[in-house]
Amino acid sequence: MPIITVREALRQALHEAMQDERVFIIGEDIGHYGSTYGVTAGFLEKYGPERIRDAPIAESGIVGIAIGAAMVGMRPIAEIMSVNFSLLAFDMLFNHAAKIYAMFGGQMTVPMVLRTTNGWTQLSATHSQSFDVYFAHMPGLKVVAPATPYDMKGMLKAAIEDPDPVVFIEHTLMYTVKGEVPEESYTVPLGKARLAREGRDITVVTYSRMVHLSQQAADILARDGIEVEIVDLRTLRPLDMSVALESFKKTNRAVVVTEDWQSFGTSAEIAARLYEHGFDYLDAPIARVNFREVPMPYSRNLELQTVVTVDRIVQAIRKTLS
Amino acid sequence: MPDITMPKMGFDMQEGTIVRWLKKPGDEVRRGEPIAEIETDKVTIEIEAFASGILTEIVVQEGQSAPVNAVIARLDGGNGAQAPAPAAPVAEAPAASAPTTEAPAPAAPQPVAETPAADAGEIRASPLARRLAREHGIDLRQVRGTGPGGRIVKEDIEAYLAARGTSPAPAPAPAPSPAPVAPAQAAPALAPTPAAPAPAPTPAAPLPAPVAPPPTPAPAPVSAPPAAAGVVTPLSNMRKTIARRMLQSWQQFPHIFVSIEVDMGAALALRAQANAGRAKEEQFSVNDMVVKACAGALLAFPNLNASYGDEGIIRHPTVNIAIAVALESGLMAPVITNCQDRSLGSIAREAKRLVALAREGKITPDLLQGGTFTVSNLGMYGITEFTSIITPPQAASLAVGAIRRVPAFKDDSDEVVAKHLMMLTLSADHRVTDGAEAALFLNEVKRLLEQPLALLVG
């Protein structure tokens, strides 16, 4: 099976999706510039300006256009270059995309995909955020954040085919992550978690880029004989806790790793569900590893103190096992 | 209507078993009159009524166990002016029952129990540990927590079950019956003291095994062997205590063993001379001399008169030597306290008194507590040498073999003479001490026994 990058996997999914005449892509710098992270490089040349639409810096407009087009039967893919800019489109997303199906009595759906990216690396406070929790908080949206090239391709395909608005969250530090991806077409269903690593001692529940950091932490701990089981949630809404709970019932201890602020964050929801449904299996308090609760510093050394690191995950696991 | 409750017969007593009721329902009971025999981890003892009245109900039947303070019988119609002792109900809620809430003051006039729920509530245990404890009928107060802040976690329950000899596989656990766990003290290493084992007057009224017993709480469900089952002898409390303490020591105390051979010629001569013409009860034994020598050596090596603690080595201010006494029903190790201040005669008299009490089943729990060192002797069985298991929380235990008359070279010459040799083997907790110190200690014991006049003046 070919080994390709996340970037290439997403590109394959988009090429496959473009076979459907109803699909078009709209976003900033996606056409002539080939997109900031290179995913749609060459698309303008191949599919033309009708279907590869460079948009002005107007996020609300980009999402609004996608919603309207979806309502009349198209399968739009809106790209918001960085999730930080999506704040400008929240009204469109929350008050329109998420609610149209319910408020119009189910007469129409909004089969659109909003592709966007989390990420940091000296981008400073306003460009280094994760809003996963805002999207996942909203009924009516589906929120996907895969970790591997295989899931990126399969879940982006599933998102495009899905009848509801799907927020598809990528990560700027993951585009070069490599993995096995079949050349043929396939989908990976939304709303299904997966076991990313088997282990008997402790469960790490995580998703997106944190899956890879957790794997590194698990490699380190394996040298001490600690077997870490890793659950990759893949989808935040609808949230599938079945795999995590099954694992937790086996290990009785869990660490939740998410790349956002801890207070009221995604890790709070995940931990709460473990407590709620796994109470009788709980042998130690559930630990969480997240961003430090400050606006992201620009300074490199301070930034590295703020983000989640392998070392912090290792420490949290050791503490939870103590 | 005073309740009769399970008395606490020692600071570490957790539960007792009713061996025999001396009164039956309808009998008149006078204050101070013996009403039942109970068996604790350590002893069988009669309990007295603390109020007069008519025995109306026996709550805990013969052969059954009850925690300290639990109601075991009820009196009625008495003039029992005495306030009823606070009666605690059986603490643990069985699986099905609602979570124990702190029972507020009862509205009803009955003397309602002081719920130990508050106590139980203060125990730090993970939800998983609590569930497992519930399923296995374990009283969490009996389990030592090793998690952060002393929290009881799954591992602790598993360790407890392993020590109790129960498979950690989910058991139905009919009724919670806390296995008796005494914190420290008492209970023996191996080996008896002189003479043949006297008939044990307190045969731990064995539970009726084969016949379907009443809801007898079987603390350690004995899993049936695969095919042809052997005969199961129910564990007496003494047996259970021995099993638990010895397992704990063997698993948790890294033992080292050092042996030394002692020429007992001078000691035997001294003993013959000193005992000549004395009444039998005034005579001292070889074992008494060994105890006396140990007391002297322990003063010189206080590190062996100690206990291992997480914060450090605890050196005990007095030398209290437990002597292992074999009984038909097991063994116990009564303690000769303050050996540092006792003469050989005093040690001998105290040893005789304790052994007699043990044989008669009249030993009280306080006589089994506070040992800081143990002497076991299998010499009377012809055993030349053996090793003993340290009694927690002590740091060492001495195993004494038989005195053998053997041909040996006299000093450095080639002349062969008859010698009386005795092998001593010390078991020591390696966390507390090391082989070299154990060796020096044994050499001091040897010196005292080979130059035994020191035993008379020390």
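Look up: the structure comes first, before these words.
Criteria and thresholds
- Residues numbered from 1 in each chain as written.
- Chains lettered and ligands numbered in written order.
- Predicted model: local features only at pLDDT ≥ 70, side-chain atom pairs only at ≥ 80, totals over all residues.
- Heavy atoms only, no water.
- Helix = DSSP H or I, 4+ residues; strand = E, 2+ residues; numbered from the N terminus.
- Buried < 20%, exposed > 50% of the residue type's maximum accessible area, 1.4 Å probe, protein only.
- Contact = heavy atoms within 4.5 Å.
- Areas by Shrake-Rupley, 256 points an atom, 1.4 Å probe, with all protein chains shown as cover.
- Salt bridge = Lys/Arg side-chain N within 4 Å of Asp/Glu carboxyl O.
- Expected span 1.5 Å × (residues − 1).
- Axes fitted to C-alpha atoms, helices over the stretch in contact; angles between N-to-C directions.
- Parallel < 35°, antiparallel > 145°, perpendicular 65-115°, else oblique.
- Left-handed = near helix turned anticlockwise from the far one by under 90°.
- Nonpolar A, V, L, I, M, F, W, Y, C, P; charged D, E, K, R; others polar.
- Buried area = accessible area lost by both parts, 1.4 Å probe.
- Polar contact = N/O pair within 3.5 Å; in protein donor to acceptor, adjacent residues only side chain to side chain.
- Core = buried A, V, L, I, M, F, W, Y, C linked by side-chain atoms within 4.5 Å.
- Domains from an automatic or database assignment.
- Patch = residues over 30% accessible without salt bridge, like charges linked within 9 Å, V, L, I, M, F, W, Y side chains within 5 Å.
- Phe/Tyr/Trp six-rings, centres within 6.5 Å; stacked < 30°, edge-to-face > 60°.
- Lys NZ or Arg CZ within 6 Å of the ring centre and 35° of its normal.

A.B. asks: Now, about the overall build of chain A: what can you tell me, with residues and values included?
C.D. replies: A count of helical and extended segments in chain A gives 12 helices and 14 strands. Expressed as a percentage of its 322 residues, the buried residues of chain A come to 59%. The contacts in chain A between residues at least 6 apart in sequence include a share of 82% that link residues at least 24 apart. Accessible area of chain A: about 13,100 Å², with a carbon and sulfur share of 55%.

A.B. asks: Could you give me a rundown of the pattern of salt bridges, with the residues and numbers involved?
C.D. replies: Residue and element names in this part refer to chain B. As enumerated under the stated definition, the model contains 36 salt bridges over all chains in all. Here Asp 139 and Arg 141 are joined by a salt bridge, their closest N and O atoms 2.9 Å apart. For Asp 139, a relative accessible area of 6% gives the class buried. The residue Glu 360 makes a salt bridge to Lys 362 at a minimum N-O spacing of 3.8 Å. Here Glu 360 falls in the partly exposed class, since its relative accessible area comes to 40%. In this structure Lys 362 comes out as exposed when scored by relative accessible area, which is 54%.

A.B. asks: Provide a residue-level description of helix H7 (residues 344–360) of chain B, including the pertinent values.
C.D. replies: Residue and element names in this part refer to chain B. With 17 residues, H7 ought to run about 24 Å at 1.5 Å a step, and its terminal C-alpha atoms sit 24 Å apart, in line with that. Of the residues making up H7, those classed as buried are Leu 344, Ser 346, Ile 347, Ala 348, Glu 350, Ala 351, Leu 354, Val 355, Leu 357, Ala 358 and Arg 359. At the exit of H7 stands Gly 361, carrying a positive phi of roughly 70°.

A.B. asks: Give a detailed account of the packing of helix H1 (residues 6–17) of chain A against helix H7 (residues 149–161) of chain A, specifying residues and quantitative values.
C.D. replies: Residue and element names in this part refer to chain A. Two numbers describe how H1 lies on H7: the axes approach to 8 Å, and their chain directions differ by 25°. Relative to H7, the element H1 is oriented roughly parallel. When the axes of H1 and H7 are compared, the crossing they make is right-handed. Where H1 approaches H7, its residues Val 6, Ala 9, Leu 10, Gln 12, Ala 13, Leu 14, Glu 16 and Ala 17 are matched on the opposing element by Pro 149, Met 152, Lys 153, Leu 156, Lys 157 and Ile 160. In terms of residue class, the contact of H1 with H7 is made up of 10 nonpolar, one polar and three charged.

A.B. asks: Kindly report on the interface of chain B and chain A, identifying the contributing residues and their values.
C.D. replies: Residue-level contacts link 11 residues of chain B with 11 residues of chain A. Summed over both sides, the interface of chain B with chain A buries roughly 810 Å², with 49% coming from carbon and sulfur. A per-residue breakdown of the area chain B buries against chain A is headed by B:Pro127, B:Leu128 and B:Arg131, which together make up 52% of the total. The tally of links from chain B across to chain A stands at zero salt bridges. Put simply, chain B and chain A have six residue pairs in polar contact (both at pLDDT 80 or more) between them. Those elements that place two or more of their residues in the side of chain B that touches chain A are helix H2 (127–136) and helix H3 (154–164) of chain B.

A.B. asks: Can you break down the nonpolar core residue by residue, with the values?
C.D. replies: A general feature of soluble globular proteins is that nonpolar side chains tend to end up buried together. Residue and element names in this part refer to chain B. Of all hydrophobic cores here, the largest spans 82 residues; its most connected members are Ile 321, Phe 373, Leu 424, Leu 426, Phe 441 and Leu 449. The leading source of residues in this core is helix H6 (residues 286–300), at nine residues. Two domains each donate at least three residues to this core, and these are domain 1 (1–91) and domain 3 (237–457). Those residues in contact with Ile 321, other than ones at most four positions away along the chain, are Val 291, Cys 294, Ala 295, Leu 298, Pro 334, Val 335, Ile 336, Cys 339, Phe 373 and Val 375.

A.B. asks: Explain the side chain of A:Asp162 residue by residue, including any values.
C.D. replies: By secondary structure assignment, the location of A:Asp162 is in the loop between H7 and strand E7 (166–171). Those residues in contact with A:Asp162, other than ones at most four positions away along the chain, are A:Arg75, A:Pro111, A:Lys142 and A:Leu190.

A.B. asks: Describe a nonpolar patch on the surface, with residues and values.
C.D. replies: A cluster of nonpolar side chains, namely B:Met380, B:Tyr381 and B:Ile383, defines an oily patch on the protein surface of about 250 Å² accessible area. Relative to the helices and strands, B:Tyr381 is located in the loop between strand E16 (373–377) and strand E17 (396–409).

A.B. asks: Hey, could you go over the packing of aromatic side chains for me, with residue numbers and the actual values?
C.D. replies: Geometry of an aromatic ring pair is reported as the spacing of the ring centres plus the angle between the planes. Summed over the entire model, instances satisfying the criterion amount to 12 aromatic pairs over all chains. On the basis of an interplanar angle of 15° and a centroid distance of 5.2 Å, the ring pair of A:Tyr37 and A:Tyr175 is categorised as stacked. Pair noted here: A:Tyr37 is in the loop between strand E2 (23–27) and helix H2 (43–47) and A:Tyr175 is in the loop between E7 and strand E8 (178–180), with a separation of 138 residues, a long-range link. Relative accessible area serves as the criterion here: at 3%, A:Tyr175 is assigned to the buried category. Linked through ring pairs, A:Phe90, A:Phe94, A:Phe131, A:Tyr134 and A:Phe135 together constitute an aromatic cluster. Between the NZ or CZ atom of B:Arg131 and the centre of the ring of A:Tyr281, over which it lies, the distance is 4.4 Å. Just above the ring of B:Phe253 sits the side chain of B:Arg431; from NZ or CZ to the centre is 4.5 Å.

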